[in-house]
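Chain by chain, the residues run as shown.
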Amino acid sequence: MRTTTKAMQFIEVQAQHFDLDTKQLYSKTKILLGLYRNVVWSVKNRANDYQKEIAGTYGMQLNTALLYLSDFAPERTKDDFETKVNNLFQSHWLIKLIDLGLKYVHDYPYYGEIYADILRLRFLEETKRSDNTVSELLSLERSTYYDRKKEAILLLGVSLWGLVIPNAISTYKRFVHLSISEDDFFERIAREKEK
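Residues numbered from 1 in each chain as written. Predicted model: local features only at pLDDT ≥ 70, side-chain atom pairs only at ≥ 80, totals over all residues. Heavy atoms only, no water.

A. How the structure looks around the overall build of the protein chain. Each helix and strand counted, the protein chain has ten helices and zero strands in total. N-terminal to C-terminal, the α/β element order of the protein chain is α-α-α-α-α-α-α-α-α-α. Each of the 195 residues in the protein chain was classed as buried or not, and the buried ones make up 48%. Restricting the contact set of the protein chain to residue pairs at least 6 apart, pairs at least 24 apart contribute 76%. Carbon and sulfur atoms provide 48% of the accessible area of the protein chain, an area that totals close to 10,500 Å². (Helix = DSSP H or I, 4+ residues; strand = E, 2+ residues; numbered from the N terminus. Buried < 20%, exposed > 50% of the residue type's maximum accessible area, 1.4 Å probe, protein only. Contact = heavy atoms within 4.5 Å. Areas by Shrake-Rupley, 256 points an atom, 1.4 Å probe, with all protein chains shown as cover.)

Below, the structure written as structure tokens:
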């Protein structure tokens with residue numbers, strides 16, 4: 001039986017700080033990463049055009065989508081979750097939330113850059129890559145790669161459900177009546193990271 005790495009122990013402490021269950025958080029994040037390519041890249045060409053159409057205000061649907069994402073339980077089937085995400089989320093919202101979470105991951109003091117590279121290469125880019133390919137691209141031994149991959153997934157979960165999504169909900173509540181654009185909304189969330 002493998003021992004838990006020091007990096008994983010630190011990440012688990014971060015999860016506990018936000019009162020997040022690590023097993024559930026890992027499952028939620030893994031499901032979200034598994035959906036990312038389908039949700040995002042299948043509509044990639046339409047996303048920019050669509051974003052221009054609705055640039056005026058983000059409306060109540062974003063709040064509904066954020067609340068759903070903040071509370072979803074991984075016990076639901078992947079298909080149910082994917083359908084709900086497709087119905088509630090505009091693709092660019094998911095992209096922006098994941099991008100914000102990835103910035104936290106990248107800035108993490110232990111292996112942050114490696115974690116971000118693993119997530120980007122394995123789950124987020126249009127090109128689908130195997131674990132072996134990503135391991136080779138990053139020059140990581142297999143066991144080290146799998147440790148870092150698991151840590152990266154959990155850290156992204158901490159970033160999303162501990163920081164990004166709560167900040168997005170809070171920001172939404174503060175600015176819902178101001179009719180700001182989506183870009184301004186997500187920029188305000190990004191600024192929360194700088195505080």
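B. Highlighting the packing of helix α1 (residues 6-17) against helix α9 (residues 142-175). The geometry of α1 relative to α9 is characterised by a closest axis approach of 10 Å and an angle of 15° between their N-to-C directions. On the basis of their axis angle, the class for α1 and α9 is roughly parallel. Here α1 runs over α9; the crossing is left-handed. Seen from α1, the contacting residues are Ala7, Met8, Ile11, Glu12, Gln14 and Ala15; seen from α9, they are Lys150, Glu151, Leu154, Leu155 and Val158. Among the residues making up the contact of α1 with α9, the classes are represented as seven nonpolar, one polar and three charged. (Axes fitted to C-alpha atoms, helices over the stretch in contact; angles between N-to-C directions. Parallel < 35°, antiparallel > 145°, perpendicular 65-115°, else oblique. Left-handed = near helix turned anticlockwise from the far one by under 90°. Nonpolar A, V, L, I, M, F, W, Y, C, P; charged D, E, K, R; others polar.)

C. Fine view of the pattern of salt bridges. Under the counting rule described, the total for this entry stands at seven salt bridges. The partner of Asp131 in a salt bridge is Lys149, with the nearest N and O atoms 3.1 Å apart. In this pair, Asp131 sits in helix α8 (residues 131-137) while Lys149 sits in helix α9, placing the two residues 18 residues apart along the sequence. Take Asp131 and Lys149: they sit in the same class, and that class is buried. In this structure, Glu151 engages Arg148 in a salt bridge whose closest nitrogen and oxygen atoms are separated by 3.0 Å. Residue Glu151 and its partner Arg148 are both found in helix α9; the two are separated by three residues, about one turn of the helix. In this pair, the class of Glu151 matches that of Arg148, namely buried. Bridged by salt links that share partners, the residues Asp117, Arg120, Glu125 and Arg129 form one connected network. (Salt bridge = Lys/Arg side-chain N within 4 Å of Asp/Glu carboxyl O.)

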